[in-house]
Amino acid sequence: MTFYFGYTNVELLFTGLLINSPGEMVGACIGVFLLAVLYEGLKMGRETLLRRSQVNVRYNSMPLPGTDGTILMETHKTVGQRMISPAHFLQTLLHIVQVVVSYILMLVFMTYNAYLCIAVAAGAGMGYFLFSWRKAVVVDITEHCH
């Protein structure tokens, strides 16, 4: 398969969902763009909720040898969360939604229609720009389709 720029007879996700005019393609691109923005917002929203729901803060100290033979104490903060809690159930539900949206975006990209692929990439970029500017962590372990 190769990428193509076309707007007639383009199947989008389902057999009955056909794009046959420039106006329909523009509408589909706007919808896909907004879905990609939503995906990025969902990722950041989940991360914010996770930070807010963290409980059971513990401080663990461990001795370390100093350079001059003295013993130094290093303290680590451990944060945990309960498995059976409303916050965890909400995170699980949002994770399911995030996975479904990511697979929908992947399937849209796999149409190989360049207009739709550009809409996915531009929406992801705009979503990142809008929602990730406060993000302190560089590596995101919640990535699904990037």
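Residues numbered from 1 in each chain as written. Predicted model: local features only at pLDDT ≥ 70, side-chain atom pairs only at ≥ 80, totals over all residues. Heavy atoms only, no water.

Trainee: Explain the pattern of salt bridges to me, using residue names and the numbers behind them.
Mentor: One pass over the full model with this rule turns up 1 salt bridge. The salt bridge involving glutamate 40 is made with lysine 43; its shortest N-O contact spans 3.2 Å. With glutamate 40 and lysine 43 both in helix 1 (residues 22–53) and 3 residues apart, this pair spans about one turn of that helix. A relative accessible area of 4% means that lysine 43 is categorised as buried. (Salt bridge = Lys/Arg side-chain N within 4 Å of Asp/Glu carboxyl O. Helix = DSSP H or I, 4+ residues; strand = E, 2+ residues; numbered from the N terminus. Buried < 20%, exposed > 50% of the residue type's maximum accessible area, 1.4 Å probe, protein only.)

Trainee: Mind laying out helix 2 (residues 86–109), listing which residues take part and the relevant values?
Mentor: Since the α-helix packs 3.6 residues into each turn, any two residues three or four apart lie on the same face. With 24 residues, helix 2 should cover 34 Å at 1.5 Å per step; its first-to-last C-alpha distance of 35 Å lies within 8% of that length. Among the residues making up helix 2, those that are buried are Gln91, Leu94, Gln98, Val99, Val101, Ser102, Leu105 and Val108. Contacts from the buried residues of helix 2 go to helix 1 and helix 3 (114–131). (Expected span 1.5 Å × (residues − 1). Contact = heavy atoms within 4.5 Å.)

Trainee: Summarise the packing of aromatic side chains; cite the residues concerned and give the values.
Mentor: On inspection of all chains with the given rule, the structure shows 3 aromatic pairs. Between phenylalanine 3 and phenylalanine 109, the ring centres sit 6.2 Å apart and the planes meet at 80°, which makes this aromatic pair edge-to-face. Of this pair, phenylalanine 3 sits in the segment before strand 1 (10–11) while phenylalanine 109 is found in helix 2, placing the two residues 106 residues apart along the sequence. On the numbers, 5.1 Å between centres and 75° between planes, the contact of phenylalanine 5 with tyrosine 115 is edge-to-face. Highlighted residues: phenylalanine 5 in the segment before strand 1 and tyrosine 115 in helix 3, separated in sequence by 110 residues. Exposure remark for tyrosine 115: the relative accessible area of 34% places this residue in the partly exposed category. Through a chain of ring-to-ring contacts, the aromatic side chains of Phe3, Phe109 and Tyr112 assemble into a single cluster. (Phe/Tyr/Trp six-rings, centres within 6.5 Å; stacked < 30°, edge-to-face > 60°.)

Trainee: Now, about the packing of helix 1 against helix 2: what can you tell me, with residues and values included?
Mentor: In contact at an axis separation of 10 Å, helix 1 and helix 2 are set at 155° when each is read in the N-to-C sense. By the angle class used here, helix 1 and helix 2 are roughly antiparallel. Our pair here, helix 1 against helix 2, has a crossing hand that is left-handed. On helix 2, the residues touching Val32, Leu35, Ala36, Tyr39, Leu42, Lys43, Arg46, Leu49, Leu50 and Ser53 of helix 1 are Ala87, Leu90, Gln91, Leu94, His95, Val97, Gln98, Val101, Ser102, Ile104, Leu105 and Val108. In the contact of helix 1 with helix 2, the residues fall into 15 nonpolar, 5 polar and 2 charged. (Axes fitted to C-alpha atoms, helices over the stretch in contact; angles between N-to-C directions. Parallel < 35°, antiparallel > 145°, perpendicular 65-115°, else oblique. Left-handed = near helix turned anticlockwise from the far one by under 90°. Nonpolar A, V, L, I, M, F, W, Y, C, P; charged D, E, K, R; others polar.)

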